[in-house]
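What the coordinates show
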Amino acid sequence: MAIEKALYTATATATGGRAGTAQSSDGALKLDLSTPKELGGAGGNGTNPEQLFAAGYSACFIGAMKAVSARNKVALPAEVSITSDVSIGPHANKPGAFGIAVAMKISVPGMDRAALEKLVADAHEVCPYSNATRGNVDVTLTIV
């Protein structure tokens, strides 16, 4: 594990794979899972791991931006939003394996472009999702 001390641990259990259910240990998260038609599933009303990863990475990256801006005493407008596209497909370097790619579109209306670019670069260095995926996932950060 690449952390010195666990400050918080989330626990969730999935059953049935991509066409099953997932629930957090505290009951705050309880949802149905469904496999997208593009991956050979039936589709349906449930979510999927890629959607959960996109939502989690977006939220976590905003948290990293807030932490970096506070540390550097840089004002961060309240209207920060990130849309993450998480794609899944055959891994480029491991035949038979799958990989993911993330394309983040970062919107911070009213912030100086140069300051925002530095903030995004610094946040990418401290974000736990970025650190967990670095070297294993193609991540593209675009300021919109």
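What comes next is a walk through the structure. (Residues numbered from 1 in each chain as written. Predicted model: local features only at pLDDT ≥ 70, side-chain atom pairs only at ≥ 80, totals over all residues. Heavy atoms only, no water.)

Taken in spatial order, the three strands make up an open sheet running S4-S5-S6, and their pairing is mixed. Unpaired on one side and paired on the other, strand S4 (81-90) and strand S6 (138-143) mark the two borders of the sheet. Mean inter-strand twist for the sheet, computed between neighbouring axes without regard to direction, equals 15°. Across 10 bridges, S4 lies against strand S5 (residues 98-107) in antiparallel orientation. Along S5, the bridge assignment pairs Thr-83 with Lys-105. Running at roughly 140° to S4, helix H1 (residues 49-71) makes contact with S4, S5 and S6 of the sheet. Along the sheet, helix H2 (residues 113-126) makes contact with S5 and S6, crossing S6 at roughly 160°. (Pairing = 2+ DSSP bridges. Helix = DSSP H or I, 4+ residues; strand = E, 2+ residues; numbered from the N terminus. Axes fitted to C-alpha atoms, helices over the stretch in contact; angles between N-to-C directions. Contact = heavy atoms within 4.5 Å.)

This structure, assessed with the given rule, holds five salt bridges. Between Asp-85 and Lys-105 there is a salt bridge, with the nearest N and O atoms lying 2.3 Å from each other. Pair noted here: Asp-85 is in strand S4 and Lys-105 is in strand S5, with a separation of 20 residues, a long-range link. Lys-105 gets classed as partly exposed once you look at its relative accessible area, which sits at 35%. The partner of Lys-118 in a salt bridge is Asp-122, with the nearest N and O atoms 2.9 Å apart. One end of the pair, Lys-118, and the other, Asp-122, are both in helix H2, four residues apart, so they sit about a helical turn from each other. (Salt bridge = Lys/Arg side-chain N within 4 Å of Asp/Glu carboxyl O. Buried < 20%, exposed > 50% of the residue type's maximum accessible area, 1.4 Å probe, protein only.)

Note that all results are geometric; they support no functional claim without further evidence.
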